[in-house]
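Take a look at the letters that make up each chain.
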Amino acid sequence: MEMAISFHHSSFKAPSIIPNPKFPFPTQLSGLSLSPISSFNSRTASLKFRSRNLTEPVKCSVSQAAQPAIENRSQLKRRSDIRNIAIVAHVDHGKTTLVDAMLRQSKVFRDNQFIQDRVMDSNDLERERGITILSKNTSITYKDTKINIIDTPGHSDFGGEVERILNMVEGVLLVVDSVEGPMPQTRFVLKKALEFGLAVVVVVNKIDRPSARPDFVINSTFELFIELNATDEQCDFQAIYASGIKGKAGLSPDNLAEDLGPLFESIIRCIPGPHIDKDGALQMLATNIEYDEHKGRIAIGRLHAGVLQKGMEVRVCTSEDSCRFGRISELFVYEKFIRTPAEKVEAGDICAIGETIADKASGKPLPAIKVEEPTVKMAFSINTSPFVGREGKYVTSRNLRDRLYRELERNLAMKVEDGETADTFIVSGRGTLHITILIENMRREGFEFMVGPPKVINKKVDDKLLEPYEIATVEVPEEHMGAVVELLGRRRGQMIDMQGVGSEGTTFLKYKIPTRGLLGLRNAILTASRGTAILNTIFDSYGPWAGDIVTRDLGSLVAFEDGSSTSYALASSQERGQMFIGPGVEVYKGQIVGIHQRPGDLSLNICKKKAATNVRSNKEQTVVLDTPLDYSLDDCIEYIQEDELVEVTPSSIRMCKNPKFAAAKKSR
């Protein structure tokens, strides 16, 4: 069960960041005894799950090390009517599609109701990009048990969402692709789940793919558990084979049921109900934030102890010594997709804040959540181009500042700082995509601004400069492998692993590479592999400075003057490189209009018109122009270098040279 609460208080501050307690899990679940077994037997058991049937006891992965957050253990009770689960996986392994099938089969929708695909991806950007960006809450009922489901992002840039969500649940469905097996984000989310002592059910999804290799995937997943120092009980995980798009699941890859019944049964049996102190002092840990235009900030979190009632007075704490009093003005529970009002919610339910709520008189606040630090930063500034104010609604530094600091209310993994000047702000995130999503949302809201190139956030330890390193995995056809390996080598990448994948002649490459080397890498790899390579990355650790890295060999073609581009001028300009614009486009001096075919920038007059004379020509010349490159926002941010900016408006994305760098060169 999930719930949301709204506070009758305007001064809501971000929480302090300190470690979160781990949740308690007993060794006895619903009468099922969990006896320790050896690693060898764990492996045997995990590979023999296919021959089990649902009438046999299902062993659950439960950490013995997890300790309760509530001091008086004798008062703890287990709720059997609720299951809180998160669905975690690498990007594109089918989490959201699987949730769709679970919702359909649990009769969340009417029989005649139109349901769009990936119903949990409600954001426009999520639908356009085909990825989950924000975690979503929903619930279903199966055999009188309410199952709260949280769909989480699969991309590593949104790992902060996953970290917070794991604080609200007792177990996870780890979805793994039946061909690819465990990928970088699989490792990240599994590591976090094991640290919290959560129960894990492994779902081998897309089992209907022609090149599916379920035995390899189960073995690889088991090895990943061992690598992450999982206990014997955790290694003895339940394996379910499923096809999310067909809505089928089973305990054997060759014998799927007609529905997801085996998956639902495994959730009920393998994932314990919440461990609560129903009669204790109120304790709630808020892990996510929503914003409502009428009700203000709504916090989502889990109630660990006590009972929460509408209108009751509570303490809202960012830390033990930083608390304020507030009143619960609104209280909601999530039922299916609707946030419905509630008068009372009991411990074990999931609620909505970035801070913790305690009983006004005797409550002790729970430690707040620790989210990993950002690794990439970008400079946001007001638009200084000649076209400023033409397309945007919000153009001033005050508008920009208010919007960026407002983002911190719901995006806890992001940081915003004031820059060197009053109209510049430094935004730090978990990756370029994390910040790019913010930029895209802002331009759709009517903002007009400029952003600089992404830069990595370095650290100094014992007078040694350290920079972030990431694990990059590339799937590429064998014929393009040489070009990709050479490209990664030039960017200081170190090969960790290389192996063939499936029957399609694809090679799997694994590299450890500085985050600096990844900037602009995606487009370069697609070019080198003719659009066939798939790149995935995830943060690994900080390591020694790797040295200078050249991310772009070619310069830019820059507009020489203000005006409108002409076919006559573009015909000669395209001999110098690839153009970004076609004829009849307004440009300004300093705007980047193409990619130079050589290193260094070149200024061009693309507004030049054909001289009109009184000399007759036999025939008018036919001009054949190449199709201009169509760069998206992500492409532009990958392309620009230190002395360049991206101009972002609601209807246009342009690139230009940074006037400050040009002025500095002249002064020399």
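Residues numbered from 1 in each chain as written. Predicted model: local features only at pLDDT ≥ 70, side-chain atom pairs only at ≥ 80, totals over all residues. Heavy atoms only, no water.

**So, the overall build of the chain**
Right, so step 1: Per the secondary structure count, the chain includes 16 helices and 39 strands.
Right, so step 2: Looking at the 668 residues of the chain, the share that counts as buried comes to 55%.
Right, so step 3: For the chain, the exposed area adds up to about 29,900 Å²; of that, 48% sits on carbon and sulfur atoms. (Helix = DSSP H or I, 4+ residues; strand = E, 2+ residues; numbered from the N terminus. Buried < 20%, exposed > 50% of the residue type's maximum accessible area, 1.4 Å probe, protein only. Areas by Shrake-Rupley, 256 points an atom, 1.4 Å probe, with all protein chains shown as cover.)

**A look at the pattern of salt bridges**
Right, so step 1: As enumerated under the stated definition, the model contains 21 salt bridges in all.
Right, so step 2: For Lys-248, the salt bridge identified is with Glu-258, shortest N-O distance 3.9 Å. Separated by ten residues along the polypeptide, Lys-248 in strand β11 (residues 248–250) and Glu-258 in the loop between β11 and α8 (261–270) bring together distant segments of the chain.
Right, so step 3: Judged by its relative accessible area of 65%, Glu-258 is exposed.
Right, so step 4: Notably, a salt bridge pairs Arg-403 with Glu-407, separated by 3.0 Å at the nearest N-O pair. With Arg-403 and Glu-407 both in helix α9 (residues 397–407) and four residues apart, the pair spans about one turn of that helix.
Right, so step 5: The exposure class assigned to Arg-403 is buried, which follows from its relative accessible area of 6%.
Right, so step 6: A relative accessible area of 10% places Glu-407 in the buried class.
Right, so step 7: Among the charged side chains, a network of salt bridges with common partners joins Asp-601, Asp-643, Glu-644 and Lys-657. (Salt bridge = Lys/Arg side-chain N within 4 Å of Asp/Glu carboxyl O.)

**Concerning helix α10 (residues 432–444)**
Right, so step 1: With 13 residues, α10 extends 18 Å between its outermost C-alpha atoms, agreeing within 8% with the 18 Å of an ideal straight helix rising 1.5 Å per residue.
Right, so step 2: Taking burial as the measure, the 13 residues of α10 include ten buried ones, the bulk of the element.
Right, so step 3: Of the residues trailing α10, Gly-446 is marked for its positive phi of about 100°. (Expected span 1.5 Å × (residues − 1).)

**Examining the packing of helix α2 (residues 95–105) against α8**
Right, so step 1: Contact pair α2 / α8: the axes reach a minimum separation of 11 Å and the direction vectors enclose 90°. Looking at the two axes, α2 sits roughly perpendicular to α8. On α8, the residues touching Leu-98, Met-102 and Gln-105 of α2 are Leu-263, Phe-264 and Ile-267. (Axes fitted to C-alpha atoms, helices over the stretch in contact; angles between N-to-C directions. Parallel < 35°, antiparallel > 145°, perpendicular 65-115°, else oblique. Contact = heavy atoms within 4.5 Å.)

**Things to note about the environment of Glu-223**
Right, so step 1: Along the chain, Glu-223 turns up in helix α6 (residues 214–227).
Right, so step 2: The exposure class assigned to Glu-223 is partly exposed, which follows from its relative accessible area of 41%.
Right, so step 3: Measuring from C-alpha to C-alpha, the distance between Glu-223 and Pro-182 comes to 9.9 Å, with 41 residues separating the pair along the chain.

**Some remarks on the packing of aromatic side chains**
Right, so step 1: Applying the stated criterion to the full structure yields nine aromatic pairs.
Right, so step 2: For the ring pair Phe-387 and Tyr-588, a centre distance of 5.1 Å and an interplane angle of 90° mean the geometry is edge-to-face. Taken together, the residues span a long stretch of sequence, with Phe-387 in the loop between β22 (376–382) and α9 and Tyr-588 in the loop between β35 (586–587) and β36 (591–596) at a distance of 201 residues.
Right, so step 3: According to the relative accessible area criterion, Phe-387 is buried, its value standing at 7%.
Right, so step 4: Three or more aromatic residues joined by ring pairs make a cluster, and in this case those are Phe-580, Tyr-631 and Tyr-639.
Right, so step 5: We note Lys-512 situated over the ring of Tyr-469; from NZ or CZ to the ring centre the distance is 5.6 Å. (Phe/Tyr/Trp six-rings, centres within 6.5 Å; stacked < 30°, edge-to-face > 60°. Lys NZ or Arg CZ within 6 Å of the ring centre and 35° of its normal.)

**Comments concerning unusual backbone geometry**
Right, so step 1: Although it is not a glycine, Lys-143 adopts a positive phi angle of roughly 50°.
Right, so step 2: Turning to its location among the elements, Lys-143 is positioned in the loop between β6 (136–142) and β7 (145–151).

**Regarding the pairing of strand β5 (residues 82–89)**
Right, so step 1: For β5, the tally of buried residues reaches eight of eight residues, placing the bulk of the element in the interior.
Right, so step 2: Taking every second residue as pointing to the same face, both faces of β5 are buried, with Ile-82, Asn-84, Ala-86 and Val-88 on one and Arg-83, Ile-85, Ile-87 and Ala-89 on the other.
Right, so step 3: Relative to strand β8 (residues 171–177), β5 runs parallel, the two being bridged by five bridges. In the strand pairing of β8, Ala-89 is matched with Val-175. (Pairing = 2+ DSSP bridges.)

**Examining the environment of Thr-384**
Right, so step 1: Mapped onto the fold, Thr-384 is located in the loop between β22 and α9.
Right, so step 2: Given the relative accessible area of 51%, Thr-384 is considered exposed.
Right, so step 3: For the pair Thr-384 and Met-450, spaced 66 residues apart in sequence, the C-alpha separation works out to 7.9 Å.

**Brief notes about helix α5 (residues 184–195)**
Right, so step 1: Here α5 is twelve residues long and its end C-alpha atoms lie 17 Å apart, about the 16 Å a rise of 1.5 Å per residue gives.
Right, so step 2: Taken across its twelve residues, α5 has nine buried, putting it largely inside the fold.
Right, so step 3: Among the residues making up α5, those that are buried are Pro-184, Gln-185, Thr-186, Phe-188, Val-189, Leu-190, Lys-192, Ala-193 and Leu-194.
Right, so step 4: The first or second residue beyond α5 is Gly-197, which carries a positive phi of 70°.

**Things to note about the packing of α5 against α6**
Right, so step 1: Running from N to C, α5 and α6 cross one another at 50°; their axes reach a closest spacing of 10 Å. Comparing the axis directions of α5 and α6 gives the class oblique. Crossing of α5 against α6: the hand is right-handed. Mapping the contact onto sequence places Thr-186, Arg-187, Leu-190 and Leu-194 in α5 and Leu-224, Phe-225 and Glu-227 in α6.
Right, so step 2: Looking at side-chain class alone, the contact of α5 with α6 contains four nonpolar, one polar and two charged residues. (Left-handed = near helix turned anticlockwise from the far one by under 90°. Nonpolar A, V, L, I, M, F, W, Y, C, P; charged D, E, K, R; others polar.)

**As for the pairing of β8**
Right, so step 1: Burial within β8 is extensive, with seven of its seven residues counted as buried.
Right, so step 2: Side chains Gly-171, Leu-173, Val-175 and Asp-177 project from β8 onto one buried face, and the interleaved Val-172, Leu-174 and Val-176 project onto a second face that is buried too.
Right, so step 3: With seven bridges joining them, β8 and strand β9 (residues 199–205) adopt parallel strand pairing. Across the sheet, Asp-177 pairs through a bridge with Asn-205, a residue of β9.
Right, so step 4: This β-α-β element, β8 to α5 to β9, shows right-handed connectivity. (Right-handed = clockwise from strand over helix to strand, strands pointing away.)

**Some remarks on the confidence of the model for the chain**
Right, so step 1: Residues at a pLDDT of 70 or more form 74% of the chain, whose mean pLDDT is 75.
Right, so step 2: With pLDDT under 50 throughout, residues 1–58 is counted as low confidence; its partners more than four residues away or in other chains account for 202 contacts.
Right, so step 3: Within the model, pLDDT remains below 50 along residues 109–122, and this stretch shows 39 contacts once partners closer than five positions in the same chain are excluded. (pLDDT = per-residue confidence, 0-100.)

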